[in-house]
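# Chain and residue survey
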Amino acid sequence: MGYEILGLPMAYYIAMVLKVLVVFVFVLLTVAYATYAERKIIGHMQVRLGPMRTGWHGLLQPIADGVKLFFKEEIIPSKADKFAFLIAPLIALVPAFIGFAVIPFGETIEVGGYKIPLQIAAYYDTASGQVVDLNVGVLYILALASIGVYGIVLAGWSSNSKYSLLGGLRSSAQMISYELAAGLAIISVFMLSESLSLQKIVADQANGAWYAFKQPLAFILFFICSIAEINRTPFDLPEAETELVSGFCTEYSSMKYAMFFMAEYANMVTVCAVTTTLFLGGWHGPSFLPGWFWFIAKVYFLIFTCMWIRATYPRYRYDQLMRLGWKVFLPLTLINIVVTGIIVSL
Amino acid sequence: MIMPLINGLKITLKHMFMKPVTLQYPDERPTPSPNFRGLHALKVSHSKAKCVCCYLCPTVCPAKCITVEAGEDQEHNKYAERYEIDMLRCIFCGYCVEACPVDALKMTGEFELANYKREDFVFVKERLLEK
């Protein structure tokens with residue numbers, strides 16, 4: 001503990017790095033096993049069993065899939081724009097993971113006399129005795145979500161295939177229409193909490209009711225728009241295999257394809273974590289179990305809901321999707337903001 | 001508009017707790033129905049095939065997958081010296097069984113007919129004889 005950097009002991013930095021590693025590994029494992037859970041849950045919802053043969057009840061299936069994808073042949077189309085083609089999966093994947101930096105996933109823990117908040121981009125201010133985090137955390141997440149679409153559009157364009165290009169363009173159009181509604185839906189949360197800091201939003205919900213109960217319409221709209229934004233069924237039009245083969249990832253193979261796949265699931269985890277933080281009280285819950293447990297439980301419940309929705313609804317047609325986004329969700333969010341504004345000002 | 005969506009979710013959730021109907025195939029084997037039309041078998045009577053080599057089965061076969069060649073035994077009776085069915089062409093319609101006047105042919109419940117070589121799909125008389 002002798003070393004000090006910028007007035008803080010080594011242990012503090014080690015704890016910071018550990019925090020990042022633990023969260024990263026946890027999200028990675030969740031992503032891997034979300035694919036397994038999805039196959040199992042959808043299987044049982046269709047009165048099937050799902051994967052059963054790799055390990056006990058198919059538990060080693062994600063690992064087997066990973067090994068398989070590593071050893072598959074990499075194909076790069078000869079007329080593809082190589083640089084963009086190679087970097088597109090990374091652009092899709094990275095924002096999905098770094099969104100987690102601002103999400104608070106537990107209460108403060110004490111290491112070597114120092115209080116460490118369970119949130120990556122945050123520190124404990126000893127002077128004020130408060131956790132200080134990125135004060136525009138939600139904006140950061142919304143910004144990252146829109147960067148993810150660059151990966152998809154680039155993938156579609158650089159493949160030099162009409163199907164891929166159409167898939168990528170569809171995705172960008174869908175992203176714009178739903179991101180707008182998702183962004184407007186959470187404005188009502190900011191109006192209630194008067195802050196963009198996720199710590200403050202979570203703390204506000206600990207005192208009063210969860211925002212899911214105060215803002216049920218915003219909660220539902222945000223969740224549906226988020227599902228649409230991360231291109232999950234019933235809004236998975238960029239990948240619509242019936243009309244677009246496989247959309248933007250038609251020309252991708254092996255690990256690069258797996259990265260898009262991982263990005264989709266990582267996005268789902270991030271979106272569920274954001275929804276938990278904004279609407280379901282974050283890590284707060286009955287105190288007999290630690291905060292991070294409640295946070296994980298809520299996130300997993302939302303992930304289950306995503307899979308449940310996928311097992312239930314058929315895919316939207318493109319014009320239906322656009323109509324729903326612009327003519328239903330957008331006006332509803334605007335009405336919600338006006339109503340919230342009137343109630344807050346009264 | 002919203003109620004049907006919720007009802008759909010209810011149905012899928014209910015199905016999740018039902019017992020899956022999946023058959024764990026290589027470990028659990030299905031028992032085909034008695035009407036199932038699987039691999040053919042030549043019936044045996046007095047330790048030889050009942051087939052009298054009348055050529056009705058290759059005639060009626062729509063896929064032209066049956067080859068029969070006649071032979072003559074010591075008592076000057078016709079018998080099928082060669083009887084082959086090409087399973088790659090067979091459509092399992094069962095016309096051959098219906099056409100047979102002496103009830104020499106039947107279809108069994110055997111459905112695992114996969115093989116590695118094309119030649120292995122041709123079932124000769126010895127392979128077809130009822131076990």
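Residues numbered from 1 in each chain as written. Chains lettered and ligands numbered in written order. Predicted model: local features only at pLDDT ≥ 70, side-chain atom pairs only at ≥ 80, totals over all residues. Heavy atoms only, no water.

## Points about the packing of helix α1 (residues 10–45) of chain A against helix α1 (residues 2–16) of chain B
So the rule is basically this: Axis definition: a line fitted to C-alpha atoms, over the contacting stretch in the case of helices. Angles run 0 to 180 degrees between N-to-C directions. Here a strand is any run of E in DSSP of at least two residues, a helix any run of H or I of at least four, and the numbering for each starts at the N terminus. Orientation is classified from the angle alone, with under 35 degrees giving roughly parallel, over 145 giving roughly antiparallel, 65 to 115 giving roughly perpendicular, and any other angle giving oblique. Contacts are assigned to residue pairs that have any heavy atoms within 4.5 Å of one another. All residues other than Ala, Val, Leu, Ile, Met, Phe, Trp, Tyr, Cys, Pro, Asp, Glu, Lys and Arg, Gly among them, are scored as polar; the first ten of these are nonpolar and the last four charged.
Axis separation between α1(A) and α1(B) bottoms out at 6 Å; the angle between their running directions is 100 degrees. Taken together, the axes of α1(A) and α1(B) lie roughly perpendicular to each other. For the pair formed by α1(A) and α1(B), the contact residues are I41(A), H44(A) and M45(A) on the first element and T12(B), H15(B) and M16(B) on the second. Broken down by class, the residue content of the contact of α1(A) with α1(B) amounts to three nonpolar, three polar and no charged.

## Looking at the UniProt feature "binding site: [4Fe-4S] cluster 1" in chain B
Residues and elements named next belong to chain B. Where we set the bar: UniProt positions are given in the numbering used here, feature names are shortened, and annotations may be inferred rather than shown by experiment.
Under the UniProt annotation, the feature "binding site: [4Fe-4S] cluster 1" is placed at C51, C54, C57 and C100. Of the residues just listed, which span 50 residues, no C-alpha pair is farther apart than 10.4 Å, and they cluster in one region. In this fold, C54 is placed in the loop between β3 (48–49) and α2 (56–60). Positionally, C100 belongs in the loop between α3 (95–99) and β6 (105–107).

## Thoughts on the interface of chain A and chain B
Inclusion rule: Two parts lose some accessible area (1.4 Å probe) when they are put together, and adding that loss for both gives the buried area. One side-chain nitrogen of Lys or Arg within 4 Å of one carboxyl oxygen of Asp or Glu is enough to make a salt bridge.
The interface of chain A with chain B comprises 14 residues on the first partner and 16 residues on the second. In total, about 1400 Å² of surface goes out of reach between chain A and chain B, with carbon and sulfur atoms giving 67% of it. Among the residues chain A hides against chain B, the three largest losses belong to V47(A), W308(A) and Y313(A). Together they make up 37% of the total. Summed over the shared surface of chain A and chain B, the result is one salt bridge. Residue D27(B) pairs with R53(A) through a salt bridge whose shortest N-O separation is 3.2 Å. Sorting the residues of the side of chain A that touches chain B by element identifies α1 and α11 (291–312) of chain A as the ones contributing at least two each. Considering every element that reaches the side of chain A that touches chain B, the biggest residue donor is α11(A), with five residues.

## A short note on the environment of N160(A)
Residues and elements named next belong to chain A. Worth spelling out the cut-off: Polar contacts, as used here, are pairs of N or O atoms within 3.5 Å; protein pairs need one atom able to donate a hydrogen and one able to accept it. Residues neighboring in sequence count only if both atoms are side-chain atoms.
Take N160: it is sitting in the loop between α4 (137–158) and α5 (162–193). Apart from residues lying up to four places away in sequence, N160 is in contact with K79 and A80. At 3.3 Å, the side chain of N160 and the backbone oxygen of K79 are in polar contact.

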